[in-house]
Amino acid sequence: MRNALGLMLASVVAAVVIAAGGWFYYSARADQGAPKTVAARAADQLPAQAKLAAKDDVETTAAIAAKPTAAAPAPAVPMQPKQACANPNALGVSRVVEIDTTGGPGFGFEHFKQFDFLTDKEVVLTFDDGPWPVNTPAVLKALADECTKGLFFSVGKHATYHPEILKQVLAQGHTVGTHTWSHVNLNGKKMTEQQVKDEVEKGFSAVRFALGTNPAPFFRFPQLQHNPAMVSYFGTRNVAMFSTDIDSFDFRKGATPEKIVETVMTRLDKLGKGIILMHDFQKHTGEAMPALLARLKAGGYKVVQMKAKATLQTLPEYDEALMKDMKVPTAGTNTRPISSVVQTVSQ
């Protein structure tokens, strides 16, 4: 009897110990699991600032991947913010078109009728024969006051005379093309095929030298005299050719700012759109620009800027020949940008 009672008491004690141990074991496991769960949730959540950045990325990205991917590295050179126009009522630029110059396309219906890319009330402002002191800066100021852009066809000789002015043209966001070395008529009876090529290619090299970078592969023939052999040649060089739709005749004797404006607007109102030919070399053109831009704005016209998909590649032999003609030491010339040679380290 006594032995049976002892056995029953031992069984009860063992059961109590086992139950207590099990409760302690599971409580300890639960206590250990809770911090891990909380930590995992915290790691999955983005801080408020990170969420905002992610939202901004989605809104400004043209295409969004179907699955999340690793974040792209930051660009080496940050994009510069677009400068705001100080003139709230400026003419501005309605759109920018990029030209693929492969095969040498032509623009301007006076000679080329294949690419009719302008819509009603759209114009392209083009300027020939610069850069030139006083006159080119006057054109630049008028364009800047209206926050609009043009296309400049530079004469190579003039570019070497006044490279600082041509650099201003490019720095202000305008497109720079070329207009031969010395503005000679490429259809002249005394011009040989080699002389014609030299005029064109030396002009390319001169504008590149003045800018310190490659110009756009855009070319306009002097006096709009299109040399057939060069038209074919530009196809091999992937250079676009420009004629015009509306000639301002600002180069004519007796031209005044008022006459220039009336000539352009009379023709433009008739056509409804077009590429306008002017000359930043001419004094009266700079004087006419404020009134002309005001008339364009009042008439509901919009400016289209033309840019090239790729830059013009000059030929090394003409680059070297230009340096010799200008008596410029060739060692290291045009191989490094000024920013890599001269840097401000303290100011």
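Look a little higher up for the structure.
Here is what the cut-offs are and how they apply
Residues numbered from 1 in each chain as written. Predicted model: local features only at pLDDT ≥ 70, side-chain atom pairs only at ≥ 80, totals over all residues. Heavy atoms only, no water. Salt bridge = Lys/Arg side-chain N within 4 Å of Asp/Glu carboxyl O. Helix = DSSP H or I, 4+ residues; strand = E, 2+ residues; numbered from the N terminus. Buried < 20%, exposed > 50% of the residue type's maximum accessible area, 1.4 Å probe, protein only. Phe/Tyr/Trp six-rings, centres within 6.5 Å; stacked < 30°, edge-to-face > 60°. Lys NZ or Arg CZ within 6 Å of the ring centre and 35° of its normal. Contact = heavy atoms within 4.5 Å. Polar contact = N/O pair within 3.5 Å; in protein donor to acceptor, adjacent residues only side chain to side chain.

A. A look at the pattern of salt bridges. If you walk through the whole model with that rule in mind, you get ten salt bridges. Of the charged contacts in the structure, one is a salt bridge between Arg237 and Glu201, with a shortest N-O distance of 2.9 Å. Within this pair, whereas Arg237 is found in helix H7 (residues 228-237), its partner Glu201 is found in helix H6 (residues 193-211), the two being separated by 36 residues in sequence. With a relative accessible area of 15%, Arg237 lands in the buried category. Between Arg208 and Asp319 there is a salt bridge; the shortest N-O distance is 4.0 Å. Residue Arg208 is found in helix H6, and its partner Asp319 is found in helix H10 (residues 316-325); the two are separated by 111 residues along the sequence.

B. Examining unusual backbone geometry more closely. Going from Gly130 to Pro131, the amide bond is cis rather than trans, its omega being 0°. At Val134, a position not held by glycine, the phi torsion is positive, near 70°. On the secondary structure map, Val134 appears in the loop between strand E3 (122-128) and helix H3 (135-145). The phi angle at Asn238 is positive, at roughly 55°, despite the residue not being glycine. Relative to the helices and strands, Asn238 resides in the loop between H7 and strand E7 (240-242). In this structure Asn238 comes out as partly exposed when scored by relative accessible area, which is 33%.

C. Looking closely at the packing of aromatic side chains. Tallying each qualifying case throughout the model produces 14 aromatic pairs. A ring pair is formed by Phe204 and Phe234, whose centres lie 6.4 Å apart and whose planes are at 50°; its orientation type is tilted. A residue pair is termed long-range when its members are at least 10 positions apart, and Phe204 in helix H6 and Phe234 in helix H7 qualify at 30 residues. Like Phe234, Phe204 is buried. Through successive ring pairs, a cluster of aromatic residues spans Phe107, Phe115, Phe117, Phe153, Phe218 and Phe242. Its guanidinium or amino end placed over the ring of Tyr301, Lys121 lies 4.3 Å from that ring's centre, counting from NZ or CZ. Note that Lys202 overlies the ring of Trp181, its terminal NZ or CZ placed 4.2 Å from the centroid.

D. Spatial organisation of the environment of Asp280. When you line up the elements, Asp280 lands in the loop between strand E9 (274-279) and helix H9 (283-298). For Asp280, a relative accessible area of 2% puts it in the buried group. As for Asp280 and Phe152, which are separated by 128 residues in sequence, their C-alpha atoms are 8.2 Å apart. Each residue touching Asp280, except ones within four places of it in the same chain, is listed here: Phe127, Asp128, Asp129, Gly130, Pro131, Asn135, Thr136, Val139 and Phe152. There is a polar contact of 2.7 Å between the side chain of Asp280 and the side chain of Thr136.

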